[in-house]
Amino acid sequence: MTTPAAAPVVVGVDDSPVSRSAVRLAAREAASRRRPLRVVHVFDWGADPTAPAGELRDAAERMLGEAMTIAVQTAPEVEVSCAIIEGQPVTALLRESNAAALIVIGDGNLATRSAISADATAVQIAARAGCGALIAREASPPAGPILVGFDDSASSRGALDFAFDSAQRYGRQVTVVQVVEAEKAAGDAVPGAAITDGAGDQLANALVSWQQAHPTVSVEQRIRTGDPGDVLIEESRAAELVAVGARGEQPWRGALGAVSQSVLYHSPAPVIIVRHADDLSPLD
């Protein structure tokens, strides 16, 4: 599937506070990439068949009106359109993602849930979207670095593309974290320090081409030991945005890797699940 050349940034909205945060993030991304913004609200007749149709549409129009006001205030230069879509939210948003450069939605308060369903809208969109998916949190993050986890997989290289490009546009630092799993670092054959030193050298070499392509971007490289998901969640507490690939070396499309899923569920910062970094190149 080829993303249309003039594909918009799409944001799905409802009446939750996190939805307003999603609109701000989406408008900012649209402005940065010089792309239009499409604001959509999906409502399901079947969810409450007794509700008067007029009330449902009036509520939807109020949500869209509020979202568009936020978008214009955030990025007045961006072309904004809106749509009310009848249907099941996940299905409709996935359909929107097939013609989008990026889809943005609120997280549905994932981080505060004691048990997270794989059927949650944010999880389904992150796992199955046809483009990159940016998952917003209710609290706006402080200005900080763009964090990216790197494991030398094709998926993580796509996340690096996004992170460096975004850092250049927003004037941010990139923090690249490579995690050496604790079992390997504790192996008897090679001292742990030697393993992490070797990983640091490999990471530095791997980043040369990105640094050459983005010479104005400041980069901090970190080698950590432990569980990759836990490490990235800890590092994300100081990040403005976390960029991860949809999956590491897993061969199937549509499923999140374990690390990406853990970060999506528990990072306090917004998370971008990168699939096709080229989709977000600026329009001329």
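Up top is the structure.
Note that the structure is a prediction, hence the values are computed from the model and not measured.

Conventions we followed
Residues numbered from 1 in each chain as written. Predicted model: local features only at pLDDT ≥ 70, side-chain atom pairs only at ≥ 80, totals over all residues. Heavy atoms only, no water. Helix = DSSP H or I, 4+ residues; strand = E, 2+ residues; numbered from the N terminus. Contact = heavy atoms within 4.5 Å. Axes fitted to C-alpha atoms, helices over the stretch in contact; angles between N-to-C directions. Left-handed = near helix turned anticlockwise from the far one by under 90°. Nonpolar A, V, L, I, M, F, W, Y, C, P; charged D, E, K, R; others polar. Core = buried A, V, L, I, M, F, W, Y, C linked by side-chain atoms within 4.5 Å. Buried < 20%, exposed > 50% of the residue type's maximum accessible area, 1.4 Å probe, protein only. Pairing = 2+ DSSP bridges.

## Let's talk about the environment of His-276
For His-276, the position within the fold is in the segment after strand E10 (271-274). Among all residues touching His-276, those that are not within four sequence positions of it are Gly-130 and Cys-131.

## Observations regarding the packing of helix H9 (residues 228-236) against helix H10 (residues 258-266)
Axis separation between H9 and H10 bottoms out at 8 Å; the angle between their running directions is 35°. As for how H9 packs across H10, the hand of that crossing is right-handed. Residues Pro-228, Gly-229, Leu-232 and Ile-233 of H9 touch H10, and the partners they reach there are Val-259, Ser-262, Val-263 and His-266. Residues that form the contact of H9 with H10 fall into these classes: five nonpolar, three polar and no charged.

## Comments concerning the nonpolar core
By size, the foremost hydrophobic cluster in this structure holds 40 residues, and its most contacted members are Val-11 and Leu-37. Excluding its chain neighbours within four sequence positions, the residues that come into contact with Val-11 are Ala-22, Val-23, Ala-26, Leu-37, Arg-38, Val-39, Val-40 and Val-104. Core analysis: the next-biggest nonpolar cluster, separate from the first, contains 39 residues, Ala-92, Ala-100, Val-263 and Ala-269 among them.

## Description of the sheet that holds strand E8 (residues 219-225)
Strands pair in a sheet through their backbones, by hydrogen bonds, and they do so in one of two ways: parallel or antiparallel. In spatial order, the strands read E3-E2-E1-E4-E5-E10-E9-E6-E7-E8; together these 10 strands make up an open sheet with mixed pairing. The sheet terminates laterally at strand E3 (80-86) and E8, the two strands that pair on one side only. Adjacent strand axes in the sheet meet at a mean angle of 20°, parallel and antiparallel pairs treated alike. Of the strands in this sheet, strand E1 (9-12), strand E2 (37-43), E3 and strand E4 (102-106) are in contact with helix H3 (residues 89-97), which crosses E2 at around 160°.

The quantities given are spatial measurements derived from coordinates; they are silent on function.
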